[in-house]
Amino acid sequence: MPAPPASHPPPAPEPTAAGGGRVPQHIAIVMDGNGRWAQRRGRPRTFGHRAGAKTVRLCVRFCLERGIRALTLFAFSSENWKRPQEEVGALMNLFMRSLDREVDELHEHGVRLRFIGERAHLSAAIGKRMDSAERRTAGNTALHLNVAISYGGRWDIVQAARTLAQAAVRGQLDPSTIDEALFAQHVELAEQPAPDLFIRTGGDRRISNFLLWQMAYTELWFTDTLWPDLDVAELDRALVDFAARERRFGRTGAQVAQVGGA
Ligand code: IPE
Ligand code: IPE
Ligand code: MG
């Protein structure tokens, strides 16, 4: 039987951890639970968002130390615009201050920054800082740090569809040539391997409109720990769990054992 068309390149072999298990190349994280963390302490939700910033730094350090190539953090969803104006404003201020404070150090560590999401909804001041951080770190290779702000997986798929439709209308694209491989080139993070491991803190077992296209075959890992409480030991537990999983990508276990998952 002829092989089906390869709509996705097979995932590249993953680096091997000291313990022999596979290490994810790309981790995607829903940083959830800041509000509850603050409320449990009798403090306003924004106190939790500020506390969560240190966990972002911890995760970046963790990825640099473990040789993980890409980290995508869900910082603000398309749906989060529906929150009280005061909380949205506090989050936007926090992003702005974090950009002002953190970019130098990220750059020194060889981190390449990318922002994904609907930029038109963000203020010009934030947009300007994002552009400048992306330009400044564009040559770095130690870690791709992607921050999803004003991002929704559905928006991402729609913007890819719109781009292709516009090319078709201009006569630059024959719609019958649109396949998964071509579509995949137009969603966010097209140039990076798809996330291998998804982590969500805060206890809810859902994707909340994160990378819908990109996570078709991502391994999902959930913890009840609230984002500001996440530590290295728990991140290591996620990696241990990931290393033990058999990723079959539709094949049988026997096939995977034979070809080493390739
Ligand atoms: C995640 O924490 C941060 C953002 C969504 C911006 P939450 O603010 O959702 O915290 P909980 O889930 O209400 O505790
Ligand atoms: C998901 O968290 C988005 C981010 C972490 C940025 P939410 O707290 O907004 O998710 P839902 O609405 O409870 O699913
Ligand atoms: Mg939440």
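See the structure above.
Position numbers for residues count from 1 along each chain, tracking the sequence in the order it is written. As a convention, the first chain written is A and the first ligand written is 1, with the rest following in written order. Where totals are concerned, whole chains, interfaces and linings use all residues; where local detail is concerned, this predicted model gives features only for residues with pLDDT of at least 70, and gives and counts side-chain atom pairs only at 80 or more. Excluded from the side-chain calculation are hydrogens and water; included are all heavy atoms of the structure.

**Focus: the nonpolar core**
The following threshold applies: Buried Ala, Val, Leu, Ile, Met, Phe, Trp, Tyr and Cys residues that are joined via side-chain atoms within 4.5 Å together make up what is termed a nonpolar core. Burial status follows relative accessibility: with a 1.4 Å probe on protein chains alone, a residue under 20% of its type maximum counts as buried, one over 50% as exposed, and anything between as partly exposed. Think of it this way: any DSSP run of H or I at least four residues long counts as a helix, any run of E at least two long counts as a strand, and we number them from the N terminus. Whether two residues touch is decided by their heavy atoms; if any such pair falls within 4.5 Å, the residues are in contact.
Residues Ile29, Leu71, Leu145 and Ile149 are the most contacted members of the largest nonpolar core, which totals 42 residues. The leading source of residues in this core is helix H3 (residues 85–108), at eight residues. Apart from residues no more than four positions distant in its own chain, leucine 145 is found in contact with Val60, Leu71, Leu73, Leu106, Val111, Arg112, Leu113 and Arg114. Counting residues in each nonpolar core, the second largest holds twelve residues, with Phe74, Ala148, Trp155 and Met215 among its members.

**Comments concerning a positive patch on the surface**
Basically, it comes down to this: Here a patch means residues that are over 30% exposed by relative accessible area and free of salt bridges, tied together within 9 Å if like-charged and within 5 Å if nonpolar (Val, Leu, Ile, Met, Phe, Trp, Tyr). The protein chains shown are the only cover counted for residues, whose accessible areas, like all others here, come from Shrake-Rupley with a 1.4 Å probe. Basic side-chain nitrogens of Lys or Arg form a salt bridge, by our definition, when they fall within 4 Å of a carboxyl oxygen of Asp or Glu. His is not counted here, nor are the chain ends, while Lys and Arg score as positive and Asp and Glu score as negative. To locate a charge, the coordinates of NZ of Lys, CZ of Arg, CG of Asp or CD of Glu are taken.
On the surface, Arg43, Arg50, Arg97 and Arg101 cluster together to form a positively charged patch. Take arginine 43: it is sitting in the loop between helix H1 (34–39) and helix H2 (45–66). Of the residues examined, arginine 43 reaches a relative accessible area of 40% and is grouped as partly exposed.

**Structural notes on the site of ligand 2**
Quick reminder of the rule: Nearness of a residue to a molecule or strand requires only that one of the residue's heavy atoms be within 4 Å of it. Under this definition, polar contacts are N or O atom pairs within 3.5 Å; protein pairs additionally need one hydrogen-donor-capable and one acceptor-capable atom, and for neighbouring residues in sequence, both atoms have to be side-chain atoms. Gly is put with the polar residues, along with every residue not named as nonpolar or charged; the nonpolar set is Ala, Val, Leu, Ile, Met, Phe, Trp, Tyr, Cys and Pro, and the charged set is Asp, Glu, Lys and Arg.
The immediate surroundings of ligand 2 are formed by Val30, Met31, Asp32, Phe74, Ala75, Phe76, Ser77, Asn80, Arg83, Arg200, Arg206 and Ser208. Between ligand 2 and aspartate 32, the relevant distance is 3.1 Å, taken from an oxygen atom to a side-chain nitrogen or oxygen of the residue. Protein coverage of the free-state accessible area of ligand 2, which is 380 Å², stands at 79%. Of all the elements, strand S2 (residues 70–77) adds the most residues to the shell around ligand 2, at four residues. The residue inventory of the shell around ligand 2, partitioned by class, reads five nonpolar, three polar and four charged.

**A short note on the environment of glutamine 172**
Mapped onto the elements of the fold, glutamine 172 is located in the loop between helix H5 (153–169) and helix H6 (180–184). There is a polar contact of 2.8 Å between the side chain of glutamine 172 and the side chain of arginine 170.

**So, the sheet that holds strand S6 (residues 219–222)**
Threshold: Each pair of strands is called paired provided DSSP finds at least two bridges between the two strands. All axes are obtained by fitting lines to C-alpha atoms, using only the stretch in contact for helices, and the reported angles, taken between N-to-C directions, cover 0 to 180 degrees.
The strand order across the open sheet formed by six strands is S3-S4-S2-S1-S5-S6, and the pairing between neighbours is parallel. For this open sheet the edge positions go to strand S3 (111–116) and S6, each flanked by a neighbour on one side alone. Averaged over all pairs of adjacent strands, the angle between their axes in this sheet comes to 20°, without regard to strand direction. As judged from the seven bridges shared by S2 and strand S4 (residues 143–151), these two strands associate in the parallel manner. What sits directly across from phenylalanine 76, in S4, is isoleucine 149.

**A short note on the pairing of S4**
Of all nine residues in S4, eight are buried; the element is thus mostly enclosed. Relative to S4, S3 is paired through six bridges, and the arrangement is parallel. Each residue of the ladder has a partner; that of valine 111, found in S4, is leucine 143.

**Considerations on the site of ligand 1**
Near ligand 1, the surroundings consist of 13 residues, among which Asp32, Gly35, Arg36, Arg45 and Arg83 are the closest. Glycine 33 is positioned with one of its backbone polar atoms (N or O) 3.3 Å from an oxygen atom of ligand 1. The contact in question runs from an oxygen atom of ligand 1 to an N or O atom on the backbone of asparagine 34, over 3.2 Å. Isolated, ligand 1 exposes 380 Å² of accessible area, and the fraction of that covered by the protein chains is 87%. Mapped by element, the contributors of at least two residues to the shell around ligand 1 are H1, H2 and H3. Ranked by residues supplied to the shell around ligand 1, first place goes to H1 with three residues. In terms of residue class, the shell around ligand 1 is made up of three nonpolar, five polar and five charged.

**Quick word on unusual backbone geometry**
Working note: non-glycine residues mostly have negative phi, and peptide bonds are mostly trans. With phi around 60°, serine 150 is a residue other than glycine that occupies positive phi space. Within the secondary structure, serine 150 is located in strand S4. Look at serine 208: it is not a glycine, yet its phi comes out positive at around 50°. Assignment of secondary structure puts serine 208 in the loop between strand S5 (197–200) and S6. Classification of serine 208 by relative accessible area gives partly exposed; the value is 29%.

Treat this as a map of the structure, not an account of what it does.
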